[in-house]
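Now for the letters of each chain:
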Amino acid sequence: MDFGALYHFLFETFAGLGCLVGIGLVASIVACVIMERRTRKRFVDREPEEDDWSFFDDDEEEDGEEAKK
């Protein structure tokens, strides 16, 4: 497959544009998850407040609190 055919597929067809959008979404989600985990490691000493919500740890904390009640 030559570069011209690949370029035509990616930028001139609906399926190719869909692939580009999908790749962009997956790459941005992976980058966000990596940056969120690095931030959590850097700011470990910060106490969670009542208003704080977590994208990763909510299930564990809620299960423990419900078991205590």
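This structure is a prediction, so every number in the text was calculated from the model and none was measured.

*Asks:* Hey, could you run me through the pattern of salt bridges in this one?
*Replies:* Note on pairing: side chains with opposite charge can pair once their charged atoms come close. Scanning all chains against the criterion turns up one salt bridge. Here Glu36 ties to Arg40 by a salt bridge, and the two come within 3.2 Å at their closest N and O atoms. With a gap of four residues between them, Glu36 and Arg40 both fall in helix 2 (residues 14-42), about one helical turn apart. Exposure remark for Arg40: the relative accessible area of 32% places this residue in the partly exposed category.

*Asks:* Is there a simple way to explain the confidence of the model for the protein chain in this structure?
*Replies:* When pLDDT is low, close inspection of the predicted coordinates is not appropriate. Taken as a whole, the protein chain shows an average pLDDT of 82; of its residues, 78% reach a score of 70 or greater. Mean pLDDT across the secondary structure elements of the protein chain bottoms out at helix 3 (residues 58-68), with 53, and peaks at helix 2, with 95.

How each quantity is defined
- Residues numbered from 1 in each chain as written.
- Predicted model: local features only at pLDDT ≥ 70, side-chain atom pairs only at ≥ 80, totals over all residues.
- Heavy atoms only, no water.
- Salt bridge = Lys/Arg side-chain N within 4 Å of Asp/Glu carboxyl O.
- Helix = DSSP H or I, 4+ residues; strand = E, 2+ residues; numbered from the N terminus.
- Buried < 20%, exposed > 50% of the residue type's maximum accessible area, 1.4 Å probe, protein only.
- pLDDT = per-residue confidence, 0-100.

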